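An overview of the molecular structure
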Amino acid sequence: MSGSATAQLIDGKAIAAALRAQLADAVAKLKAEHGVVPGLAVVLVGDDPASQVYVRNKHAQTVEAGMASFEHRLPASTSREALLAMVDQLNKDPLVHGILVQLPLPAHLDATEVLNAIDPDKDVDGFHPVNAGRLATGQALFVPCTPVGCELLLRSVIADPSGLHAVVIGRSNIVGKPMAQLLLAANCTVTIVHSRTRDLAGLVRQADIVVAALGRAEFVKGDWIKPGAIVIDVGINRIEQADGKTRLVGDVDFASASQVAGAITPVPGGVGPMTIACLLRNTLIAARYRLGLDGQV
Ligand code: NDP
């Protein structure tokens, strides 16, 4: 890794498309050899517009990969009991290998309770405490999709990050914590920073790998980046421009960081496209795991 005036762009769109094609081949092989079609059930409660788009995209890409997609759309007024009964039904359904409950849920429903009701062996989002524990103890089965996508992007530029110092900004259960676990498993030296961290910029300056997942538009500046570092930008922020139009930006100030980094993911077109591809990957892992096959794909 040497410093360069302009960083290599990590093309998440292309890497995700290649992964989906590879998954489609593996799905066809599983079907031919074992007569099993991996099935993904998605439960959407209410009519949050962003969730509607995600669920539509998930359905289209699931079908395109040759998997079965089961969509369950429930009204925003759905009771706790009705939702838990739906999860229970999907837990028992042999055609369903993976279950995803789209977040956010309406305010009267407790997301933790609902996610914890999913059979851990069908938990393709990797949010169940059993799967967090599996990851933390070196027995990973389902790892949350966004951090898996980040690791694949990282490995597209550096096959073995062993020994490098990775700084993860953010400590959510969905991104920051599992990301740190994955990097640790890849033998990085990992620092997790968050809103209470002192001298965040100083710590980021020491990083060979920066993963920014804090949800603050263009927060990480170019002069925080060590020359040649690899920068993975998880953030998705919509900002208003002078002309009144909105624009998607990451948690990293791309214009300045891309002048210093060795490689960097753009927003959009970086981490975003990887997330659904990794959900499909987890669904295939679930089907293989149930058959007693090696979980790796
Ligand atoms: P959360 O809001 O759950 O977590 C944000 C984390 O960042 C927290 O740990 C918080 O610290 C930390 N943080 C917030 N502000 C600061 C600050 N000023 N300095 C240092 N740390 C800070 O967010 P998520 O993890 O769910 O998501 C992070 C970002 O990634 C968002 O932009 C989100 O849109 C995006 N995202 C993108 C996905 C994709 O597919 N590309 C998927 C999921 C998320 P503390 O714990 O101390 O509060």
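Structural data are supplied above this passage.
Quantities reported herein were computed from a predicted structural model and do not represent experimental measurements. (Residues numbered from 1 in each chain as written. Predicted model: local features only at pLDDT ≥ 70, side-chain atom pairs only at ≥ 80, totals over all residues. Heavy atoms only, no water.)

1. Some thoughts on the site of the ligand
Heads up, the condition is: If even one non-hydrogen atom of a residue comes within 4 Å of a molecule or strand, that residue is called near it. Under the rule applied, a polar contact is a pair of N or O atoms within 3.5 Å (in protein, one hydrogen donor and one hydrogen acceptor; residues adjacent in sequence only if both atoms are side-chain atoms). For the area figures, the Shrake-Rupley method with a 1.4 Å probe applies, and any residue is considered shielded solely by the protein chains shown. Only Asp, Glu, Lys and Arg are considered charged, only Ala, Val, Leu, Ile, Met, Phe, Trp, Tyr, Cys and Pro nonpolar, and every remaining residue, Gly among them, polar.
In the region of the ligand, 21 residues are neighbours, and Arg171, Ser172, Ser195, Gly215 and Thr275 sit closest. Within the contact set of the ligand, a nitrogen atom lies 3.5 Å away from a backbone nitrogen or oxygen of Val234. Within the complex, the protein chains bury 71% of what would otherwise be the 920 Å² of accessible surface of the ligand. Here the shell around the ligand is composed, by residue class, of eight nonpolar, 10 polar and three charged.

2. Regarding the packing of helix H1 (residues 12–34) against helix H10 (residues 272–290)
The cut-off we apply is this: Fitting a line to C-alpha atoms yields each axis, with helices limited to the stretch in contact; the angle taken between N-to-C directions then spans 0 to 180 degrees. Secondary structure elements follow DSSP: runs of H or I of four or more residues count as helices, runs of E of two or more count as strands, with numbering from the N terminus. Roughly parallel means an angle under 35 degrees; roughly antiparallel means over 145; roughly perpendicular covers 65 to 115; every other angle is labelled oblique. Each crossing gets its hand from how the near helix is turned against the far one by less than a right angle, where anticlockwise is left-handed and clockwise is right-handed. Two residues form a contact once any of their heavy atoms are found within 4.5 Å.
Running from N to C, H1 and H10 cross one another at 20 degrees; their axes reach a closest spacing of 9 Å. With respect to their mutual orientation, H1 and H10 come out roughly parallel. Of the two elements, H1 crosses H10, and the hand of that crossing is left-handed. Facing H1, whose interface residues are Gly12, Lys13, Ile15, Ala16, Leu19, Arg20, Leu23, Ala26, Val27 and Leu30, H10 presents Pro273, Met274, Ala277, Cys278, Leu280, Arg281, Leu284, Ala287 and Arg288.

3. Here we look at the sheet that holds strand E5 (residues 165–169)
In plain terms, the rule: At least two DSSP bridges between two strands are required for those strands to pair.
Strand order across the open sheet formed by six strands is E1-E11-E8-E7-E5-E6, with parallel pairing between neighbours. The open sheet is flanked by strand E1 (8–9) and strand E6 (189–193), the only strands paired with a single partner. The sheet contact formed by strand E7 (residues 209–212) and strand E8 (residues 230–233) spans four bridges and is parallel. Paired with Ala212 across the strands is Asp233, a residue of E8. The strands touched by helix H6 (residues 145–157) within the sheet are E1, E7, E8 and strand E11 (263–264), with E8 carrying the most contacts at an inclination of about 155 degrees. With respect to the sheet, helix H7 (residues 176–185) is in contact with E5, E6 and E7, its orientation differing from that of E5 by roughly 170 degrees.

4. A short note on the pattern of salt bridges
The condition is simple: Throughout this description, the term salt bridge denotes a Lys or Arg side-chain nitrogen within 4 Å of a carboxyl oxygen of Asp or Glu. Relative accessibility under 20% of the residue-type maximum defines a buried residue, over 50% an exposed one, and the middle range a partly exposed one, all with a 1.4 Å probe and only protein chains included.
The tally for this structure, following the rule as stated, stands at eight salt bridges. Residue Arg80 pairs with Glu81 through a salt bridge whose shortest N-O separation is 3.1 Å. What makes Arg80 partly exposed here is its relative accessible area of 39%. Taking the shortest distance from any N to any O, the salt bridge between Lys226 and Asp208 comes out at 2.8 Å. Residue Lys226 is located in the loop between E7 and E8, and its partner Asp208 is located in the loop between helix H8 (200–204) and E7; the two are separated by 18 residues in the primary sequence. When salt bridges that share partners are traced, they join Arg80, Glu81 and Glu113 into one network.

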